[in-house]
Amino acid sequence: LELATARLNGVTSDLDKFQTRMEELKHIATNFSYPDELNNSYKCMALMREDVANMRSLWEFETLRIQTTETFLVVYWGQVSPLEMEDEVKGLFKKLKEVKVDRKCDAYMGIQDVVKKWTVFVPLVGELRDPAMRPRHWT
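The structure contained in this document is the topic of the report that follows. (Residues numbered from 1 in each chain as written. Predicted model: local features only at pLDDT ≥ 70, side-chain atom pairs only at ≥ 80, totals over all residues. Heavy atoms only, no water.)

The description of two packed helices rests on the angle between their axes and on the distance between the axes. Interhelical geometry of helix α1 (residues 2-31) versus helix α2 (residues 39-73) gives an angle of 165° and a closest axis separation of 11 Å. Relative to α2, the element α1 is oriented roughly antiparallel. In this structure, α1 meets α2 at a crossing whose hand is left-handed. For the contact of α1 with α2, a count of residues per class yields 12 nonpolar, five polar and five charged. (Axes fitted to C-alpha atoms, helices over the stretch in contact; angles between N-to-C directions. Helix = DSSP H or I, 4+ residues; strand = E, 2+ residues; numbered from the N terminus. Parallel < 35°, antiparallel > 145°, perpendicular 65-115°, else oblique. Left-handed = near helix turned anticlockwise from the far one by under 90°. Nonpolar A, V, L, I, M, F, W, Y, C, P; charged D, E, K, R; others polar.)

Disulfides are covalent bonds that connect the sulfur atoms of two cysteines. Tallied over the entire structure, the rule returns zero disulfides. Left without a disulfide partner, Cys44 is nearest to the cysteine sulfur of Cys105, which lies 18 Å away. What makes Cys44 partly exposed here is its relative accessible area of 40%. Judged by its relative accessible area of 18%, Cys105 is buried. (Disulfide = S-S within 2.5 Å. Buried < 20%, exposed > 50% of the residue type's maximum accessible area, 1.4 Å probe, protein only.)

Next up on the list: α2. An ideal rise of 1.5 Å per residue puts 51 Å on 35 residues; α2 measures up with 51 Å between its terminal C-alpha atoms. Of all the positions in α2, only Met45, Val52, Asn54, Leu58, Phe61, Glu62, Arg65, Thr68, Thr69 and Phe72 are classed as buried. Summarising the contacts, the buried residues of α2 are in contact with α1, α3 (82-98) and α4 (106-129). (Expected span 1.5 Å × (residues − 1). Contact = heavy atoms within 4.5 Å.)

Moving on, we get to the environment of Met85. Within the secondary structure layout, Met85 lies in helix α3. In contact with Met85, other than residues within four places in its own chain, are Phe72, Val80 and Val122.

Structure, rendered in structure tokens:
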């Protein structure tokens, strides 16, 4: 996560530098009566900023997902609440689908895979936590 955040910060910094350069070019283009020639470049920059913002939101979701699943892992067995866990994982999956990023992106697919594994794992915890499980089932 730290590397992804650092990379996103680097890209944002580069975009800021390009923005400054674009302002300089706009001044020159205006002097020669061609300011409209930079419109496509501005549109491209806006799309790049949007992509960076979308990826940043994906990594923020991943931070939330890690925090949520880490809390599941530190709960004592006697205090495990599988129904609450299942609701939280379903909520995570719903939030993941709301993230506006390319669904074919490797990062999205990897995060989606992890959340899907949790949707399979949590019901198993519920079955093992069921009061019908007697000590003889564990031996």
